[in-house]
Amino acid sequence: MTIYLDNAATTFPKPEAVYRAVDKTLRRLGVNPGRGSYQLVLEAGRLVYGVRQTIAEFFNLNDPAGVVFTANATEAINLALFGLLQPGDRVVTTTMEHNAVSRPLHALATRGVEVLKVPVDATGRVTLAAIQQTATAGGVKARMVALSHCSNVTGTIQPIEEIGNWCRRQGILLLVDAAQSAGLLPIDMKNMGIALLAAPGHKSLLGPPGTGLLCLAEGVLPQPLLYGGTGGNSLSPSMPEELPERLECGTLNAPALAGLQAGIEHIRELGLEQVRRHKSALLEQLIYGLQTLPGVRIHGPGQARRQGGVVSFTVAERDPAEIGYLLDEEHGICVRTGLHCAPDAHGSIGTLPVGTIRVSPGLFNSAADIDTLLDALARMVKFVPNLTICKQNNEFQEG
Ligand SMILES: Cc1ncc(COP(=O)(O)O)c(C=O)c1O
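Values in this document were obtained by computation on a predicted structure and should not be read as measured data. (Residues numbered from 1 in each chain as written. Predicted model: local features only at pLDDT ≥ 70, side-chain atom pairs only at ≥ 80, totals over all residues. Heavy atoms only, no water.)

Undergrad: So, the nonpolar core: which residues are in play, and what are the values?
TA: One finds Ile55 and Phe59 to be the most contacted residues of the largest nonpolar core, which totals 55 residues. Among the domains, domain 1 (16–270) and domain 2 (272–380) are the pair contributing at least three residues each to this core. Not counting the four nearest positions on each side in its chain, Ile55 is found in contact with Val67, Phe69, Leu213, Cys215, Leu260 and Ile264. (Core = buried A, V, L, I, M, F, W, Y, C linked by side-chain atoms within 4.5 Å. Buried < 20%, exposed > 50% of the residue type's maximum accessible area, 1.4 Å probe, protein only. Domains from an automatic or database assignment. Contact = heavy atoms within 4.5 Å.)

Below, the structure written as structure tokens:
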């Protein structure tokens, strides 16, 4: 039996309703929404618009046209950053970001964008005061603040509402990478002052892989990242001005979007609070159990209520990759080990170069799964393996 505890990478399995929605749409409405004017195409277009409506309601956005579909969160973040930042602009970010934020910013820095990284405390948290200071240093005001709501390494939750309300008052755009929070923590774009919200559909929103979204507050209009056909006004050599067509070209993945809608509806039926309560209870059980194991160190807040859906830890004198390998090989337990695509975050919490072991329970995990993991770890931390042999076999998971 496999125990999947890597839901921060992507949630698996999905609710039954998601599988059904994908299958039904692919069979009944497998046409190209927005391309043509016959009945089936119009119906597929209505379906896609309905998904935009569901998402706009979920994140408290007035206009569903401000919901732009992408293939994943990375594409949504790239669209926001490359679409709005010009040479000479200042953007403020943190030292906790995923490569989905830090790599595009690195590329933009080589094109003349000033990228300033604000340090975090030992738990991975940034303060509003530090953001304020950096965003206005030298009398120059930042154009954008870009940071994750919740760290994929430590689970640390950032004070987005405080930052967002300040940014709004200052006329600074706030881009939130909600990869680890959408579908887990409440997100209200209006009340939290979020100008741009980037999220994957395939993580806690429970949609299929290949789904992502960028929500744009009123008046926020990035330049397109991709140029091509939008199904209308074909004579124009330019992309349309209107959203979402301006930022979406090529064929949409309507079956996957129908699955995403079913995923969000599943969360709404359960209630976000219930989803969070379930995951927090598992994290609490895990944190408590880890604290009793010799040599185990938890990185991050170490309190379920102060973090999102992940717990990261290390074991003294042991390579995280080796622990992950043994959990998988001997116990069928899937966890993520290494750097989790966020080297800056590991630099901030002192876990370079090997990273951490990251556990991220999902909606379908139970207390018994966490007990099994803790039992396996308890046996492992007493046993010192021959690391050289394991490494020669090159069987470790890559970070
Ligand atoms: C914090 C964070 N940002 C961005 C991403 C990228 O998400 P995607 O794989 O959907 O592009 C991830 C993925 O793990 C993440 O954890």
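Text resumes after the structure shown.
Undergrad: Tell me what's going on with the confidence of the model for the protein, and back it up with residues and numbers.
TA: Mean pLDDT over the protein works out to 94, with 96% of the residues at or above the 70 mark. Low confidence marks residues 386–399, where pLDDT is under 50. Its contacts with residues over four positions away, or in another chain, come to 23 contacts. (pLDDT = per-residue confidence, 0-100.)

Undergrad: Just give me the short version of the sheet that holds strand β10 (residues 311–315), but keep the residues and values in it.
TA: Here four strands make up an open sheet; going across it, the order is β9-β10-β13-β12 and the pairing antiparallel. Looking at which strands have only one partner, the edges of the open sheet turn out to be β9 (296–299) and β12 (336–338). Across this sheet, the average inter-strand angle for adjacent strands is 30°, counted without regard to direction. In the sheet, β9 pairs with β10 via four bridges, with the strands oriented antiparallel. What sits directly across from Val296, in β10, is Val315. (Pairing = 2+ DSSP bridges. Helix = DSSP H or I, 4+ residues; strand = E, 2+ residues; numbered from the N terminus. Axes fitted to C-alpha atoms, helices over the stretch in contact; angles between N-to-C directions.)

Undergrad: Talk me through the pairing of strand β8 (residues 212–216); I want residue IDs and the actual numbers.
TA: Here β8 lies mainly inside the structure; five of its five residues are buried. Side chains Gly212, Leu214 and Leu216 of β8 all project onto a buried face; the interleaved residues Leu213 and Cys215 project onto the opposite face, where all are buried too. Pairing of strand β2 (residues 67–70) with β8 involves four bridges; the strand directions are antiparallel. Along β8, the bridge assignment pairs Val68 with Leu214.

Undergrad: Tell me about the domain arrangement of the protein, and please be specific about residues and values.
TA: By the assigned domains, the protein splits into domain 1 (16–270) and domain 2 (272–380). Distance from the C-alpha centre of domain 1 to the C-alpha centre of domain 2: 27 Å. Counting from both sides, the interface comprises 29 residues of domain 1 and, opposite them, 28 residues of domain 2. Between domain 1 and domain 2, a total of about 2,300 Å² is buried, with carbon and sulfur atoms accounting for 62% of that surface. Lys117 serves as the salt-bridge partner of Asp344, at 2.6 Å between the closest nitrogen and oxygen. (Buried area = accessible area lost by both parts, 1.4 Å probe. Salt bridge = Lys/Arg side-chain N within 4 Å of Asp/Glu carboxyl O.)

Undergrad: Quick one: what's the story with the side chain of Thr230, residue by residue and with numbers?
TA: For Thr230, the position within the fold is in the loop between β8 and α8 (254–270). When its relative accessible area of 15% is taken as the criterion, Thr230 is described as buried. Here Thr230 is in contact with Gly34, Arg35, Met239, Pro240, Glu245, Glu248 and Cys249, once residues within four sequence places are set aside.

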